[in-house]
Amino acid sequence: MTDFEKIHVLTKELLVIYNELDEEAKSIVDEHITSCPDCKGLFETYHSTFVSNNQRFCLEQAEQSTEIKPFKKLIQFKTIMYVLLIGIRFLLLSLILNKSFDPTRPALLRGSLIVYYFPFVGLSNIVTFVFYRKSWFWIMLLFDILILLFSADLIYTFF
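Residues numbered from 1 in each chain as written. Predicted model: local features only at pLDDT ≥ 70, side-chain atom pairs only at ≥ 80, totals over all residues. Heavy atoms only, no water.

1. Structural notes on the overall build of the chain
Alright, step 1. Along the chain, the regular secondary structure elements total 6 helices and 0 strands.
Alright, step 2. In the chain, the order of α-helices and β-strands from amino to carboxyl end is α-α-α-α-α-α.
Alright, step 3. Looking at the 159 residues of the chain, the share that counts as buried comes to 23%.
Alright, step 4. When contacts within the chain are restricted to residue pairs at least 6 apart in sequence, long-range pairs at least 24 apart make up 65% of them. (Helix = DSSP H or I, 4+ residues; strand = E, 2+ residues; numbered from the N terminus. Buried < 20%, exposed > 50% of the residue type's maximum accessible area, 1.4 Å probe, protein only. Contact = heavy atoms within 4.5 Å.)

2. Concerning the side chain of Thr128
Alright, step 1. Tracing the chain through its elements places Thr128 in helix α5 (residues 106-131).
Alright, step 2. In this structure, Thr128 is in contact with Tyr82, Leu85, Arg133, Trp136 and Phe137, ignoring residues within four places of it in sequence.

3. Brief notes about the packing of aromatic side chains
Alright, step 1. Here the structure, examined in full by the defined rule, presents 5 aromatic pairs.
Alright, step 2. Residues Tyr82 and Tyr132 carry aromatic rings whose centres are separated by 5.2 Å and whose planes lie at 55 degrees to one another, so their mutual orientation is tilted. Of this pair, Tyr82 sits in helix α4 (residues 69-100) while Tyr132 sits in the loop between α5 and α6 (134-158), and the two are 50 residues apart along the sequence. Judged on exposure class, the residue Tyr82 and its partner Tyr132 are both buried.
Alright, step 3. Grouping aromatic residues by their ring pairs yields a cluster made of Tyr82, Tyr132 and Trp136.
Alright, step 4. Lys134 extends its terminal NZ or CZ atom over the ring of Phe129, reaching a point 4.5 Å from the ring centre. (Phe/Tyr/Trp six-rings, centres within 6.5 Å; stacked < 30°, edge-to-face > 60°. Lys NZ or Arg CZ within 6 Å of the ring centre and 35° of its normal.)

4. Side note on the packing of helix α1 (residues 3-14) against helix α2 (residues 23-35)
Alright, step 1. It is at 10 Å that the axes of α1 and α2 come closest, and there the two elements cross at 110 degrees. Considering the angle they form, α1 stands roughly perpendicular to α2. Residue-level contacts link Phe4, Ile7, His8, Thr11 and Leu14 of α1 to Val29, His32, Ile33 and Ser35 of α2.
Alright, step 2. Taken together, the residues that form the contact of α1 with α2 break down as 5 nonpolar, 4 polar and no charged. (Axes fitted to C-alpha atoms, helices over the stretch in contact; angles between N-to-C directions. Parallel < 35°, antiparallel > 145°, perpendicular 65-115°, else oblique. Nonpolar A, V, L, I, M, F, W, Y, C, P; charged D, E, K, R; others polar.)

By themselves, these are just geometric observations and shouldn't be taken as functional.
Here it is, written out as structure tokens:
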């Protein structure tokens, strides 16, 4: 194998990483490209492919940067759902207090809390645990336990 054939084989291998070569290796490859039509054609093919892929990559990055809006919509949706869960919780509590408040029968309020409030709390806490931060889950669980254990006693203490 002659020196020209050795440089020809090496040039074919190095064309893929041409931009990463040091100056001395680039000058050897450039010198061979000017004298070899096969390597010149390969270099032009690699160079045009790389430039078009680089432009395509830049366009894809630009498209990705404009596609952040769905994440904003997802965050807004999660916020609305969380506010809705808390709002329904307080609405349910107010309805239970309105319908079940009888100073002579405190067990009715406790029973209504267990029958109506407890199933909703279980479902909403599962949703909170799966879709939201775990700290929100523990805060809401603590709030619900306090409601279930002490709300009837506190209400009858003040009224």
